[in-house]
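Each chain is listed here by its residues.
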Amino acid sequence: MLKFAVAAGIACALATPAYAQDSAVLAGLSYDRSGIRVESRAAIETPIFSGDPTDGETFALGRGMTLGWEGGYDLPVTRRLTVGPYATFERSNLENCDGNDCIWSRGTISGGLHVAYMRGEKTSYYAKIGYARLALEADVWGQQLSDSNAGVQIALGYEHVIADAIYVRMEGGYADNGRIFAVDFQRYHSAIGVGMRF
């Protein structure tokens, strides 16, 4: 009986560091992905529009490149799941001209809820849902016009940690921006980003 008790005590003593190490690893996963994050982004955007919703026909305004940043604050819900707010600002070089008449994008501002699941030590999958405002300007018949509208935006992405606090991301998303210049606009984007957590 004494031998069994001693053996059990030794086994518990050996197992405790391993359990603590495993807990630290899991806790580290949560800690590494929580808190304030800031990232720079580059994206390819494709706004499309439809004039008559009954015929279902859509037209692409063009394809442009955006540069911007995103900030967020991630709160740990479980050891692998974080939830928090985010805000994104992007400037675009998209411009479409027909003769002297031109329309171009001033950029997009978006914000909402960010949810991330940590698949492993360095990889995460995330989803975003929120609102995005697309702002457009036009020069038509010598008149300067501007308009904007906001609607629901969703996005899915993949994150990979390349250093202790630095990560890279790939993302795809869609936004329904509503009526701008009396036509319905939607926006697709594919983005990459580099960020840091604090």
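Quick caveat, the model's predicted, so the values are computed rather than measured.

### Digging into the overall build of the chain
- When its secondary structure is counted, the chain shows one helix and 10 strands.
- Counted from the first residue to the last, the chain has its helices and strands arranged as α-β-β-β-β-β-β-β-β-β-β.
- For the chain, with 198 residues in total, the buried portion stands at 38%.
- In the chain, the proportion of contacts linking residues at least 24 apart, taken out of those at least 6 apart, comes to 61%.
- Accessible surface, the chain as shown: approximately 11,200 Å² in total, 64% of it carbon and sulfur.

### A word on the state of the cysteines
- Under the criterion given, the structure shown has one disulfide.
- At a sulfur-sulfur separation of 2.0 Å, the disulfide partner of Cys97 is Cys102. The disulfide joining Cys97 to Cys102 has a torsion of about 110° about its S-S bond and is therefore right-handed.
- Look at Cys97 and you get partly exposed, because its relative accessible area is 40%.
- Residue Cys102 is classed as buried on the basis of its relative accessible area, which comes to 15%.

### Brief notes about the pattern of salt bridges
- In the structure shown here, the tally under the stated rule is 18 salt bridges.
- When the shortest N-O distance is used, the salt bridge between Glu171 and Arg41 registers 3.3 Å. Of the two residues, Glu171 is situated in strand E9 (residues 166-180) and Arg41 in strand E1 (residues 35-50); the sequence distance between them amounts to 130 residues. Neither Glu171 nor Arg41 differs from the other in exposure class; each is buried.

### Remarks on a nonpolar patch on the surface
- There is a patch of nonpolar side chains on the surface, built from Ile36, Val38, Tyr73, Leu75, Met196 and Phe198 and spanning about 570 Å² of accessible area.
- Put simply, the parts of the chain that give the nonpolar patch at least two residues each are E1 and strand E3 (64-76).
- Structurally, Leu75 is set in strand E3.

### Digging into the confidence of the model for the chain
- Residue-level pLDDT values for the chain average 85, and 81% of them are 70 or greater.
- Put simply, helix H1 (residues 2-32) is where the chain has its lowest mean pLDDT, 40, and strand E4 (residues 81-92) is where it has its highest, 97.
- Here residues 1-31 is modelled with pLDDT under 50, and outside its nearest four sequence neighbours on either side it reaches 12 contacts, counting other chains as well.

### Some words on the packing of aromatic side chains
- Following the criterion strictly, the structure yields four aromatic pairs and no others.
- On the basis of an interplanar angle of 55° and a centroid distance of 5.6 Å, the ring pair of Tyr125 and Tyr158 is categorised as tilted. With Tyr125 in strand E7 (residues 123-140) and Tyr158 in strand E8 (residues 143-161), this pair connects stretches of sequence that are 33 residues apart.
- The exposure class of Tyr158 is partly exposed, given its relative accessible area of 26%.
- When the ring of Tyr174 is compared with that of Tyr188, the centres are 5.0 Å apart and the planes differ by 50°; the resulting orientation is tilted. Placement of the pair is Tyr174 in strand E9 and Tyr188 in strand E10 (residues 183-197), with a sequence separation of 14 residues.
- For Tyr174, a relative accessible area of 27% translates into the label partly exposed.
- Assessed through its relative accessible area of 41%, Tyr188 is described here as partly exposed.
- A connected cluster of aromatic rings, assembled from ring pairs, spans Phe49, Phe59 and Phe185.
- Its end group placed over the ring of Tyr86, Lys128 keeps NZ or CZ at 4.8 Å from the ring centre.

Cut-offs applied
Residues numbered from 1 in each chain as written. Predicted model: local features only at pLDDT ≥ 70, side-chain atom pairs only at ≥ 80, totals over all residues. Heavy atoms only, no water. Helix = DSSP H or I, 4+ residues; strand = E, 2+ residues; numbered from the N terminus. Buried < 20%, exposed > 50% of the residue type's maximum accessible area, 1.4 Å probe, protein only. Contact = heavy atoms within 4.5 Å. Areas by Shrake-Rupley, 256 points an atom, 1.4 Å probe, with all protein chains shown as cover. Disulfide = S-S within 2.5 Å. Salt bridge = Lys/Arg side-chain N within 4 Å of Asp/Glu carboxyl O. Patch = residues over 30% accessible without salt bridge, like charges linked within 9 Å, V, L, I, M, F, W, Y side chains within 5 Å. pLDDT = per-residue confidence, 0-100. Phe/Tyr/Trp six-rings, centres within 6.5 Å; stacked < 30°, edge-to-face > 60°. Lys NZ or Arg CZ within 6 Å of the ring centre and 35° of its normal.

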